[in-house]
Amino acid sequence: MSRSKADWIVGVDIGGTNIKVGVVPFDGGTPLAVRVERTEVQRGAKFVVDRVVKMIQDAIEEVAKAEGAGTDAFAGIGIGSPGPLDRRTGTVISTPNLGWRNFPLRDLIRNAVGLPATLDNDANAATYGEWWQGAGRDVDTVVGVTLGTGIGGGIVLNGVLHHGASDAAGELGHMTIDSTGRKCNCGNYGCLEAYASGPAIAARAIEGLEAEVPSLLPELAGDPNSITAETVYDAVVQGDPYATEVLHDTAKFLGVGLANIINIINPDLLVISGGVTKAGDHLFEPLRAEIRKRAFRVAEQACKIVPSSLNGTAGIIGAVACFKKETYGSV
Ligand SMILES: [Zn+2]
């Protein structure tokens with residue numbers, strides 16, 4: 001496809017909690033007209049699609065006005081969504097967080113907006129975004145890990161986003177780190193996600209408190225059952241020894257998983273994003289120490305471990321990169 005007049009591509013990042021939309025210059029750069037709204041999954045799939053479409057239309061209108069651009073200046077829409085999904089048909093096969101099954105997300109958005117669209121996994125897209133414009137822009141092989149309600153991942157191998165045989169590659173959160181461990185939302189036992197996702201961090205913190213250890217956590221949360229991963233970081237920053245122990249355990253679990261990845265992929269860079277990175281060195285120091293203990297030295301020494309540098313827009317930028325790659329063959 002030619003791009004004679006295309007100056008902009010719209011990026012859409014659909015998550016279980018928020019939808020983010022922004023307009024990215026064709027050759028990369030800071031997204032414009034970024035908007036974030038709640039997903040409100042419980043209001044149904046049609047509601048979510050209508051909301052996404054409206055956000056896209058508003059973003060296009062805002063950029064068109066500000067830049068004096070015509071409608072032909074917008075090449076299309078890159079969409080990132082939780083999976084598993086089928087890129088060829090643009091269908092979300094199933095997603096526990098959104099409750100969609102065999103849902104033709106890409107074409108619903110494409111038809112409503114009237115622009116070409118592509119669909120990719122949200123965590124894959126975010127990793128591709130980091131490689132294209134973010135922390136990974138100077139290297140070839142990047143692994144991305146997104147720590148949130150779940151744990152997502154993406155793998156860029158020698159500059160190519162690795163989708164695997166059926167678009168299911170990169171599910172780092174469902175790597176088994178304990179064969180008889182905690183039950184995961186995916187049905188398996190002992191997945192990394194069952195230990196180090198936001199809800200898993202909170203659950204471990206609450207379980208430990210039942211042994212009546214002294215901690216700021218119940219007071220910060222108002223009531224022990226309202227403790228979230230966020231409360232744990234807040235308590236760590238205030239020097240709470242119990243919360244620090246919970247975070248160190250989190251770093252250990254992550255370190256086990258990421259050492260596996262480093263030994264298998266030998267990446268230049270591991271980019272970690274999501275709420276937990278707010279804990280900063282409280283997380284990264286024990287995490288690096290755990291990886292040093294476990295991974296091969298040559299692989300561990302070659303791999304930088306950093307937080308995202310795209311300030312929450314990696315998913316938008318990466319969805320645009322996926323659109324470019326699928327539509328034009330290169331980014
Ligand atoms: Zn799992």
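Throughout what follows, the structure given in this document is the object of discussion. (Residues numbered from 1 in each chain as written. Predicted model: local features only at pLDDT ≥ 70, side-chain atom pairs only at ≥ 80, totals over all residues. Heavy atoms only, no water.)

1. Some thoughts on the coordination of the zinc ion
Then, in step 1: Every protein donor of the zinc ion is listed here as His174 (ND1), Cys184 (SG), Cys186 (SG) and Cys191 (SG), and their distances to the metal cover 2.0 to 2.4 Å.
Then, in step 2: Each of the four donor atoms bound to the zinc ion contributes to angles spanning 106 to 120°, and the resulting shape is tetrahedral.
Then, in step 3: The sequence motif formed by the donor residues of the zinc ion is H-x9-C-x1-C-x4-C.
Then, in step 4: With relative accessibility at 44%, the residue Cys186 sits in the partly exposed group.
Then, in step 5: Classification of Cys191 by relative accessible area gives buried; the value is 0%. (Donors = N, O, S within 2.8 Å, 3.2 Å for Na, K, Ca; no water. Tetrahedral: all angles 85-135°; square planar, octahedral: opposite > 155°, others 65-115°. Buried < 20%, exposed > 50% of the residue type's maximum accessible area, 1.4 Å probe, protein only.)

2. Points about the sheet that holds strand β5 (residues 85–86)
Then, in step 1: Overall, antiparallel pairing links the three strands, which are arranged β5-β6-β7 in an open sheet. Edge positions in the sheet fall to β5 and β7 (100–103), since each of these pairs with one other strand and no more. (Pairing = 2+ DSSP bridges. Helix = DSSP H or I, 4+ residues; strand = E, 2+ residues; numbered from the N terminus.)

3. Quick look at the pairing of strand β2 (residues 18–25)
Then, in step 1: Bridge count between strand β1 (residues 8–14) and β2: seven bridges; the pairing is antiparallel. Bridge pairing in β2 places Trp8 opposite Pro25.
Then, in step 2: The hairpin turn running from β1 into β2, its antiparallel successor, is three residues long.
Then, in step 3: When β2 meets strand β3 (residues 32–38), the two strands line up antiparallel, connected through five bridges. Residue pairing across strands places Val23 opposite Leu32, the latter belonging to β3.

4. Quick look at the environment of Ala125
Then, in step 1: Along the chain, Ala125 falls in helix α3 (residues 122–133).
Then, in step 2: Assessed through its relative accessible area of 0%, Ala125 is described here as buried.
Then, in step 3: Once the C-alpha coordinates of Ala125 and Gly208 are considered, the two residues, 83 residues apart in sequence, prove to be 36 Å apart.
Then, in step 4: Once you skip the residues sitting within four places of it in the chain, Ala125 turns out to touch Ala314, Gly315, Gly318, Ala319 and Cys322. (Contact = heavy atoms within 4.5 Å.)

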